[in-house]
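For reference, the chains in residue letters:
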Amino acid sequence: MAYRRTHTRIRPSIVHKRCTDVLHDPWYNKGTAFHLTERDRLGMRGLLPPRVMTFQQQIDRFMNSYRDLQHTTSDGPDDSLALRKWRILNRLHDRNETLYYKVLIDNIMEFAPIIYTPTVGLVCENYSGLFRRPRGMYFSAADCGEMVSMVYNWPAEQVDLIVVTDGSRILGLGDLGVQGIGIPVGKLDLYVAAAGISPQRVLPVMIDVGTNNQELLDNPLYLGLQQNRLEGEDYIAVIDEFMEAVFLRWQHVIVQFEDFQTKWAFKLLQRYRDHYRMFNDDVQGTAGVALAGLFGAVRAKGLPISDFVKQKIVIVGAGSAGIGVSNMAKKAMSSMLGDTDEASVQAAKQFWVVDKWGLVTKAREDLDPDASPFAREIEESEVEDGLQEGASLLEVVKSVKPDILLGLSGVGGIFSKEVLEAMRESTSKRPAIFPMSNPTKNAECTAEAAFQHAGDHIIFASGSPFQNVDLEDGKVGHVNQGNNMYLFPGIGLGTLICGARIITDGMLNAGAKRLASYMSDESVEQGIIYPPISSIRDITKEVAVAVLKAAIEEHVVEGYQDLSAKELRQMSEEEIETYVEANMWVPEYSPLVHTI
Ligand SMILES: NC(=O)c1ccc[n+]([C@@H]2O[C@H](COP(=O)([O-])OP(=O)(O)OC[C@H]3O[C@@H](n4cnc5c(N)ncnc54)[C@H](O)[C@@H]3O)[C@@H](O)[C@H]2O)c1
Ligand SMILES: O=C(O)C[C@H](O)C(=O)O
Ligand SMILES: [Mg+2]
């Protein structure tokens, strides 16, 4: 079958506006790069300084002013410098999206910590003061009954990706209400930068059903609904109406749920996943990334992946993320053990889950049904290897001597010196320590503390970035960023361009497996188990290829644009790779054609 591109890169853009209206539209604005004939065509001659700059000169101008800011304010407080950096990037985002994404992609190592974790957390915390121009859409409890029509207020004819939050669990920062909009914006920046989703086709969404954060409710300048969160059926009715509205207007859209509190995360996932093209990034994306990291930790010991079934894993945090990871890791183990009921029971024995009341066991009153498969088989007044219901993290680590200690608790510093020192007694020759909570201040430990207290031989991965650690004898303690950013953009892209009807476990597993195999044995041996963020576009492409292939195998593809499901199924491996790459948007100015 002859391969067909579904879009050509430098295709003209049709605009229905002219003059300053174009200059003020970040989708089309090229600023000083409009050449003279285009200025004439669009009635903007005289509205810009006369000299026409190249794209590269514009990039240089922006980077110079960014660097100046860094020099002039580098001795101020870290948070204030980070916010200034975010502001300068955000202003560019507001003016000229093509230039913004070009500098973001070219400097992703440096800018990811600004537009994503950790700075995005700070931005959400300070959002009421930082808000200048709206980005995305706000659906609120006050809009009930209106959503199907108000969704048409969004100016884009086509939307490919929505990231939606209700602001109830923003990173490890808790309920930030409407201020959580920063998270969908940051996630979609990565969709554009890493997966090449067109910036004109992404939509950040905040569903404001109120907040239970008293400080926000008491703040007269808070921008969200000043009421407590809706609960029960009232809450579900709002989310249902939102889903119906967006899928009615854009049948092929993908909706990523992000930073919903655990009590709704699982319920909404179960409610929608068989009907809509949606997934929950905190539950499913995080699980895939963590599983890839767990496989990496096994490879780093020089063992085959099949040895994964022998790993003793302590997971701290039994929320949407912790339980999501435990489920996926247990399923992987169980399938390696033969996929029987007995295999599942055996796999469960490799997990110790600790939450804010300590070790989770069968003796727990009001045991959360989602955590129950991981509750240790310890009944009331029973003791297993010195552990009983509610045992502390330190007691658990001392008793279990785990191969892997993984934190998704949102509690900064709970991998204390004592806990980390206890990891020296791990039975693993290279214990893995993964403080995956975000942002940095909520990480269970710092990289420095981990290498200092647990030893030079550990494998380290954190949710937010840390610098590599200098060890004795000139050695380097490698820091990996174990963040769902390595999966969600590829899940979205792969799903989009084959028109998968739903997002299946098989597609998610395929993405995770590809991430797990991405690093060479040599890198893994050095403790580098995830790619550097500078490779995020390449790993995203690879994940998308794997997701797309799995969608074909699972018979859920329905075709994309003018490519039918049949044509997709007939593509060779090589054709799929080329197809994925050809569908990744790159920031380049396209000629603007004005029509009425
Ligand atoms: N790295 C990533 O890609 C990634 C992805 C998703 C979530 N996260 C992070 O995971 C964290 C948790 O997210 P969630 O949705 O599961 O939140 P959650 O609030 O639902 O869950 C937190 C869990 O931690 C437990 N906990 C609280 N205090 C504790 C303590 N002192 N000791 C032990 N356990 C304690 C709670 O009982 C609960 O089970 C957040 O910080 C989030 O940023 C990271
Ligand atoms: O947003 C991130 O950096 C990862 C994750 O989705 C989280 O909720 O912490
Ligand atoms: Mg999240």
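Up top you'll find the structure we're talking about.
If you're wondering where the values come from, they're calculated on a predicted model, not measured in any experiment.

So, how was this worked out
- Residues numbered from 1 in each chain as written.
- Chains lettered and ligands numbered in written order.
- Predicted model: local features only at pLDDT ≥ 70, side-chain atom pairs only at ≥ 80, totals over all residues.
- Heavy atoms only, no water.
- Phe/Tyr/Trp six-rings, centres within 6.5 Å; stacked < 30°, edge-to-face > 60°.
- Buried < 20%, exposed > 50% of the residue type's maximum accessible area, 1.4 Å probe, protein only.
- Donors = N, O, S within 2.8 Å, 3.2 Å for Na, K, Ca; no water.
- Helix = DSSP H or I, 4+ residues; strand = E, 2+ residues; numbered from the N terminus.
- Lys, Arg positive; Asp, Glu negative; His and termini not counted.
- Salt bridge = Lys/Arg side-chain N within 4 Å of Asp/Glu carboxyl O.
- Contact = heavy atoms within 4.5 Å.
- Near = heavy atom within 4 Å.
- Polar contact = N/O pair within 3.5 Å; in protein donor to acceptor, adjacent residues only side chain to side chain.
- Nonpolar A, V, L, I, M, F, W, Y, C, P; charged D, E, K, R; others polar.
- Pairing = 2+ DSSP bridges.
- Patch = residues over 30% accessible without salt bridge, like charges linked within 9 Å, V, L, I, M, F, W, Y side chains within 5 Å.
- Areas by Shrake-Rupley, 256 points an atom, 1.4 Å probe, with all protein chains shown as cover.
- Charge placed at Lys NZ, Arg CZ, Asp CG, Glu CD.
- Axes fitted to C-alpha atoms, helices over the stretch in contact; angles between N-to-C directions.
- Parallel < 35°, antiparallel > 145°, perpendicular 65-115°, else oblique.
- Left-handed = near helix turned anticlockwise from the far one by under 90°.

A.B. asks: How would you summarise the packing of aromatic side chains if you had to cite specific residues and measurements?
C.D. replies: Taken as a whole and judged by the stated rule, the model has 18 aromatic pairs. Pairing tyrosine 127 with phenylalanine 131 gives two aromatic rings, centres 5.7 Å apart and planes at 65 degrees, and the pair type is edge-to-face. Note on tyrosine 127: relative accessible area 10%, which makes it buried. Taken together, Phe247, Phe257, Phe260, Tyr272 and Tyr276 form an aromatic cluster joined through their ring pairs.

A.B. asks: Just give me the short version of the coordination of the magnesium ion (ligand 3), but keep the residues and values in it.
C.D. replies: Taken together, the protein ligands of the magnesium ion (ligand 3) are Glu258 (OE), Asp259 (OD) and Asp282 (OD), with distances of 2.1 Å. Between the donor residues of the magnesium ion (ligand 3), the gaps in sequence give the motif E-D-x22-D. Each of the two residues, glutamate 258 as well as aspartate 259, counts as buried.

A.B. asks: Mind laying out the side chain of lysine 312, listing which residues take part and the relevant values?
C.D. replies: When you line up the elements, lysine 312 lands in the loop between α14 (281-300) and β7 (313-316). This buried residue, lysine 312, is left without a salt bridge; aspartate 403 holds the nearest opposite charge, at 4.8 Å. In this view, lysine 312 contacts Gln350, Trp352, Val400, Lys401, Pro402, Asp403, Ile404 and Thr427; residues no more than four positions away in its chain are not counted.

A.B. asks: Could you give me a rundown of the pattern of salt bridges, with the residues and numbers involved?
C.D. replies: Applying the stated criterion across every chain, the model contains 34 salt bridges. Among the salt bridges present, the one from aspartate 25 reaches lysine 17, with a minimum N-O distance of 2.7 Å. We classify aspartate 25 as buried; its relative accessible area is 10%. Under the relative-accessibility criterion, lysine 17 is labelled partly exposed at 30%.

A.B. asks: Quick rundown of the site of ligand 2? Include the residues and the values.
C.D. replies: Inspection of the region around ligand 2 gives Tyr116, Thr117, Arg169, Leu171, Lys187, Glu258, Asp259, Asp281, Asp282, Asn438, Asn483 and Asn484 as its neighbouring residues. Asparagine 438 has a polar side-chain atom sitting 2.8 Å from an oxygen atom of ligand 2. With respect to ligand 2, the side chain of asparagine 484 contributes an N or O atom lying 3.0 Å from an oxygen atom. Looking at side-chain class alone, the shell around ligand 2 contains two nonpolar, four polar and six charged residues.

A.B. asks: I'd like to hear about the pairing of strand β5 (residues 254-257), residue by residue, with values.
C.D. replies: Alternating residues of β5 divide into Ile254 and Gln256 and Val255 and Phe257, and every residue in both groups is buried. Relative to β5, strand β3 (residues 161-165) runs parallel, the two being bridged by four bridges. Bridge pairing in β5 places valine 163 opposite glutamine 256. Two elements, β5 and strand β6 (residues 278-280), share three bridges in a ladder whose sense is parallel.

A.B. asks: Got a sec to walk through a negative patch on the surface? Specific residues and values, please.
C.D. replies: A cluster of like negative charges, contributed by Glu365, Asp366, Glu377, Glu379, Glu380 and Glu382, occupies part of the molecular surface. Turning to its location among the elements, aspartate 366 is positioned in the loop between β9 (358-359) and α17 (393-400).

A.B. asks: So what about the side chain of glutamine 284? Which residues, and what values?
C.D. replies: Along the chain, glutamine 284 falls in helix α14. Apart from the residues lying within four places of it in its own chain, the contact partners of glutamine 284 are Leu269, Arg273, Phe279 and Leu508.

A.B. asks: Break down a positive patch on the surface for me, citing the residues and quoting the values.
C.D. replies: On the surface, a cluster of positive charge is made up of Arg61, Arg84, Arg87, Arg91, Arg95 and Arg132. With four residues, helix α4 (residues 78-95) is the single largest residue contributor to the positive patch.

A.B. asks: Explain the sheet that holds strand β8 (residues 351-355) to me, using residue names and the numbers behind them.
C.D. replies: Spatial ordering of the open sheet is given by β9-β8-β7-β10-β11-β12-β15, a layout of seven strands whose pairing is mixed. Unpaired on one side and paired on the other, β9 and β15 (479-481) mark the two borders of the sheet. Bridging between β7 and strand β10 (residues 404-407) involves four bridges; their strand directions are parallel. Counted as the bridge partner of valine 314 is leucine 405 from β10.

A.B. asks: Explain unusual backbone geometry to me, using residue names and the numbers behind them.
C.D. replies: Residues other than glycine predominantly adopt negative phi, and peptide bonds predominantly adopt the trans conformation. Note that the residue after threonine 117, namely proline 118, is joined by a cis bond; omega there is 10 degrees. The residue proline 118 is located in the loop between α6 (108-115) and α7 (119-125) in this model. Here the residue pair asparagine 438 and proline 439 is connected by a cis peptide bond, since its omega of -15 degrees sits within 30 degrees of zero. Checked against the element boundaries, proline 439 lands in the loop between β11 (432-435) and α19 (447-454). With phi around 50 degrees, glutamine 561 is a residue other than glycine that occupies positive phi space. Topologically, glutamine 561 is positioned in the loop between α23 (536-553) and α24 (565-569). For glutamine 561, a relative accessible area of 44% gives the class partly exposed.

A.B. asks: Help me get a handle on the packing of helix α5 (residues 97-106) against helix α10 (residues 182-195), residues and values and all.
C.D. replies: At a closest axis distance of 10 Å, the pairing of α5 and α10 adopts a crossing angle of 75 degrees. The angle between α5 and α10 falls in the class roughly perpendicular. On α10, the residues touching Tyr100, Tyr101, Leu104 and Ile105 of α5 are Asp189, Val192 and Ala193. Here the residues of the contact of α5 with α10 are counted per class, giving six nonpolar, no polar and one charged.

A.B. asks: Could you give an account of the packing of helix α12 (residues 232-249) against helix α13 (residues 262-272), naming the residues involved and the relevant values?
C.D. replies: At a minimum axis separation of 12 Å, α12 and α13 run at an interaxial angle of 50 degrees. With respect to each other, α12 and α13 are oriented oblique. Along this stretch, α12 crosses α13, giving a crossing that reads as right-handed. Of α13, the residues touching α12 (which contributes Gly232, Tyr235, Ile236, Ile239, Asp240 and Met243) are Trp264, Leu268, Arg271 and Tyr272. Residue composition of the contact of α12 with α13, by class: seven nonpolar, one polar and two charged.

A.B. asks: Can you break down the site of ligand 1 residue by residue, with the values?
C.D. replies: Neighbouring ligand 1 are 27 residues, the closest being Arg169, Thr262, Ala318, Ser320 and Asn484. Between ligand 1 and the protein, one listed contact pairs an oxygen atom with a side-chain N or O atom of arginine 169 at 2.8 Å. Bound to the protein, ligand 1 loses 84% of the 870 Å² it would expose on its own. Those elements that place two or more of their residues in the shell around ligand 1 are α14, α15 (320-336) and β8.

A.B. asks: Quick one: what's the story with α13, residue by residue and with numbers?
C.D. replies: Taken residue by residue, α13 has Trp264, Ala265, Phe266, Leu268, Leu269 and Tyr272 as its buried positions. Looking at the buried residues of α13, the elements they touch are α12, β5, β6, α14 and α15.

A.B. asks: Tell me about the sheet that holds β5, and please be specific about residues and values.
C.D. replies: Whether parallel or antiparallel, the strands of a sheet pair through hydrogen bonds between backbone atoms. Taken in spatial order, the five strands line up as β2-β4-β3-β5-β6 in an open sheet, and their pairing is parallel. Looking at the sheet topology across the chains shown, the edges are occupied by β2 (137-140) and β6. Across the sheet, the axes of successive neighbouring strands diverge by a mean angle of 20 degrees, strand direction being ignored. Packed on one face of the sheet, α14 meets β5 and β6 and runs near 75 degrees to β6. Those strands touched by helix α20 (residues 488-496) are β3, β5 and β6, and its axis lies near 160 degrees from that of β5.

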